[in-house]
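# Topology and contacts: notes
Letter by letter, the chains look like this.
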Amino acid sequence: MTPKPKHLFMAALVFSAPGAIALIALIATDRLSPGIGIVAILFVLAGASAIVFYPLSRLRQVSRRLEALIDLPPDAVVDASPPDDSGAIGDVAATLFRLERSWGRDRKQLSDGVRAAQLLFDALPDPLVTLDSQARLIYANAAARTLLEGRNGVDDLVGRDLSAVIRQPAILQAVSEVQEGLPTRTVEFTFTDRVDQSFEARVEPIRADSASEDDAHTLILMHDVTALRRAEQMRADFVANVSHELRTPLTSLVGFIETLRGPAKDDTAAQARFLDLMETQSTRMTRIVNDLLSLSRIEMNEHTPPSDAVDLKQTIATVADLLAPQSRARNVGVELALDALILPVMGQADELAQLFQNLIENAIKYGRDGSNVRVEATIQDDTARISVIDQGEGIAREHISRLTERFYRVDTARSRELGGTGLGLAIVKHIANRHRGELTIQSEPGVGSTFTVTLRLSD
Ligand code: ADP
């Protein structure tokens, strides 16, 4: 590396000064002719230039390397080579080389640490962001990028105001309070723009004494509580539904008892009628309690699939026999086409009997007078598909996805009149789930419905 001409000239001037002064003195005292004296001065200047050229160029190199160290980008690798010269400048270069090496090591440790921390944050399932003192995003982990990128038209999160990325007053308020010095705040908010998603967010101050305005100031850690809130809501709805379902027959029973004690005290005909009605209401309550117990038992075992070999053809035939009085009463024929069920299926016999009892009973209940219910089985690979097909009134599309919810009925009064509890299909779904099978419902209003269950053949 060549030294700058200005530096070279100045150094040569300084180095040649004593010689040049001596020559000028000789010329001045007429001991040297001016011509020879000037040539001699030029020689001294040239000689001095040649002497200072190398140290100057080495110094320039050292200064360049120092500048490079200052401007080094955070993730750059320091690539220094040891000096091969000796002397004072060689010592400086050697010290510089040692500095470069230790600087490089420190930087590598630092950037490895940052990278490891980022990998760690990216592995967190919960979204995490950090903000500077102006509530601008400095960092977002992978979960936060997935959650927030593209929301409100913001693609690049870093550098954006939090208020542009998350338009949730609760969290913005918490951030401004924490930035004003209040301690950690926890708030809950719900995104409603795509699918409803509820989060519990912890807004925490990051206290670093040396932090500048641009450094991380506040941390927000979000935890998805959608499933939790939904489960809480479902539990509350369930308790409300059960209470409601039981209260109705109980209120009737209390009314009948009062009537039997009062106005119908001496009326034997009325007493017989009221006792019949009371029996109907108690049977209804018993059915609801039995269905609830079945549901909870199946749910409790849902994670362990049953593995008995069940003769499904026989099981369904028994169920059909059991329902024969009901089908005769409603003038609905039940036809079984189960010849494909040669091999047993994997399952639990009582649960499968309950599943098909609920489906066939519904088909009879909601079937038309004089119509037929067909139960047919087909086999594909290692799976049996059993369909219960009725020619009833069918179900409108908007109800189909909700039929397996507890207590969901298309027509509550009609279901009650037919002795329904609103739990039959919920039980069917949970039994199918436990058997790792699938329940599909197809229906055309005015034509009929098909409920299909898949079950694995036993191996
Ligand atoms: P329920 O005891 O009321 O029959 P289910 O859970 O068995 O309760 O069924 C839920 C609702 O689904 C019923 O109330 C009825 O509205 C509808 N449903 C079930 N099966 C049929 C069917 N085969 N045809 C028409 N509607 C049906």
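Residues numbered from 1 in each chain as written. Predicted model: local features only at pLDDT ≥ 70, side-chain atom pairs only at ≥ 80, totals over all residues. Heavy atoms only, no water.

### Regarding the sheet that holds strand E9 (residues 372-380)
Put simply, the rule reads: For two strands to be treated as a pair, DSSP must find no fewer than two bridges joining them. Every helix listed is a DSSP run of H or I at least four residues long, and every strand listed is a run of E at least two residues long, numbered separately from the N terminus. Note on definitions: angles span 0 to 180 degrees between N-to-C directions of axes, and those axes are lines fitted to C-alpha atoms, for helices only across the stretch in contact.
Strand order in the open sheet made by the five strands is E7-E9-E10-E12-E11, with mixed pairing throughout. Edge positions in the sheet fall to strand E7 (333-337) and strand E11 (439-444), since each has one partner strand and no second. Strand-to-strand twist in this sheet, taken as the mean axis angle between neighbours without regard to direction, amounts to 15°. Two strands pair when backbone bridges link them, and E9 and strand E10 (residues 383-389) are joined in this way by seven bridges, in the antiparallel orientation. Across the sheet, residue Val375 finds its bridge partner in E10, namely Val388.

### Looking at helix H9 (residues 312-322)
Test applied: Relative accessible area decides the class of each residue, using a 1.4 Å probe on protein chains only: under 20% of the type maximum gives buried, over 50% gives exposed, and in between gives partly exposed. Directions drawn from the helix axis to the C-beta atoms are what define this arc. What qualifies as a polar contact is a pair of N or O atoms within 3.5 Å, subject to a donor-acceptor requirement within protein and to the restriction that residues adjacent in sequence count only when both atoms come from side chains.
Among the residues of H9, Leu312, Thr315, Ile316, Val319 and Ala320 are the ones counted as buried. Taken end-on, H9 shows its buried residues confined to a sector of 135°, consistent with a single buried face. Measuring from the backbone nitrogen of Lys313 back to the side-chain oxygen at the start of H9 gives 3.3 Å, which picks out Asp311 as the cap.

### What to know about helix H14 (residues 424-434)
What counts is decided by this rule: Note on contacts: a residue pair is in contact if any heavy atoms of the two residues lie within 4.5 Å.
Of all 11 residues making up H14, nine are buried, and the element is well covered by its neighbours. Buried residues along H14 sit in contact with helix H8 (268-300), helix H11 (349-365), E11 and strand E12 (448-456). A positive phi of about 55° marks Arg436, the residue just after H14.

### Topic: a nonpolar patch on the surface
As a reminder, the rule being used: Patch membership requires over 30% relative accessible area and the absence of a salt bridge. Like charges are linked within 9 Å, and nonpolar side chains (Val, Leu, Ile, Met, Phe, Trp, Tyr) within 5 Å. All accessible-area figures derive from a Shrake-Rupley calculation using a 1.4 Å probe, and residue coverage is judged against the displayed protein chains alone. Every case where a carboxyl oxygen of Asp or Glu lies within 4 Å of a side-chain nitrogen of Lys or Arg is listed as a salt bridge.
Side chains of Phe9, Met10 and Leu13 sit close together on the surface and give an oily, nonpolar patch of about 300 Å² of accessible area. Structurally, Leu13 is set in helix H1 (residues 5-28). For Leu13, a relative accessible area of 38% gives the class partly exposed.

### Details of the nonpolar core
Buried together is how nonpolar side chains tend to be arranged in soluble globular proteins. Condition: Remark: nonpolar core denotes a set of buried residues (Ala, Val, Leu, Ile, Met, Phe, Trp, Tyr, Cys) joined through side-chain atoms within 4.5 Å. For each domain, the first and last residues come from an automatic or database assignment.
Ranked by internal contacts, the top residues of the largest apolar core, which has 45 residues, are Leu312, Phe356, Ile360 and Ile386. Elements represented by at least two residues in this core include exactly H8, H9, H11, E9, E10, H14, E11 and E12. Taken domain by domain, this core gets at least three of its residues from each of domain 3 (229-304) and domain 4 (305-459).

### Some remarks on the sheet that holds strand E3 (residues 185-191)
Note: strands within a sheet are paired through backbone hydrogen bonds, in either parallel or antiparallel orientation. With antiparallel pairing, five strands are arranged side by side in an open sheet as E2-E1-E5-E4-E3. The outermost strands of the open sheet, each flanked by one partner alone, are strand E2 (137-140) and E3. This sheet shows a mean twist of 25° between the axes of neighbouring strands, independent of strand direction. Relative to strand E5 (residues 218-224), strand E1 (residues 128-131) runs antiparallel, the two sharing four bridges. Across the sheet, Leu131 pairs through a bridge with Thr218, a residue of E5.

### Some details on the packing of helix H7 (residues 226-261) against H8
Here is the rule we go by: Just so you know how the angles are binned, under 35 degrees is roughly parallel, over 145 roughly antiparallel, 65 to 115 roughly perpendicular, and the rest oblique. Throughout, a crossing is termed right-handed when the near helix is turned clockwise from the far one, and left-handed when it is turned anticlockwise from it by less than a right angle. Nonpolar residues are Ala, Val, Leu, Ile, Met, Phe, Trp, Tyr, Cys and Pro. Charged residues are Asp, Glu, Lys and Arg, and all others, Gly as well, are polar.
Relative to each other, H7 and H8 sit at 160°, their axes nearing to 9 Å. Here H7 is positioned roughly antiparallel relative to H8, judged by the angle of their axes. As H7 runs across H8, the sense of the crossing is left-handed. In the contact of H7 with H8, the residues fall into 17 nonpolar, six polar and two charged.

### What about the pattern of salt bridges?
Counted by the stated rule, this structure contains 20 salt bridges. Between Arg229 and Glu200 there is a salt bridge, with the nearest N and O atoms lying 3.9 Å from each other. Of the two residues, Arg229 is situated in helix H7 and Glu200 in strand E4 (residues 197-205); the sequence distance between them amounts to 29 residues. Note that Glu405 and Arg402 form a salt bridge whose closest N and O atoms lie 2.9 Å from each other. On the basis of relative accessible area, Glu405 is assigned to the partly exposed category, the value being 34%. Overall, Arg402 belongs to the partly exposed group, its relative accessible area being 37%. Each of the salt bridges in this network shares a partner with another, and the network as a whole consists of Glu188, Glu200, Arg229 and Glu232.

### Here's the deal with the packing of aromatic side chains
Rules: When the centres of two rings from Phe, Tyr and Trp lie within 6.5 Å, Trp using its six-membered ring, the rings pair. Their planes under 30 degrees apart give stacked, over 60 give edge-to-face, and anything left gives tilted. Only when the NZ atom of a Lys or the CZ atom of an Arg is both within 6 Å of the ring centre and within 35 degrees of the ring normal do we say a charge sits over the ring.
Tallying each qualifying case throughout the model produces six aromatic pairs. Between Phe189 and Phe191, the aromatic rings sit 5.2 Å apart at their centres with planes inclined by 85°, giving edge-to-face as the arrangement. Residue classification places Phe189 among the buried residues on the basis of a relative accessible area of 4%. Owing to a relative accessible area of 3%, Phe191 belongs among the buried residues under this scheme. Ring geometry for Phe256 versus Phe274: centroids 5.4 Å apart, planes at 45°, classification tilted. Within this pair, whereas Phe256 is found in helix H7, its partner Phe274 is found in helix H8, the two being separated by 18 residues in sequence. Accessibility expressed as a relative area gives 14% for Phe274, which makes it buried. The structure contains a cluster of three or more aromatic residues connected by ring pairs, namely Phe189, Phe191 and Phe199. The positively charged end of Arg151 is found above the aromatic ring belonging to Phe191, 3.9 Å away from the centroid. Positioned above the aromatic ring of Phe274, the side-chain terminus of Arg273 is 5.5 Å from the ring centre.

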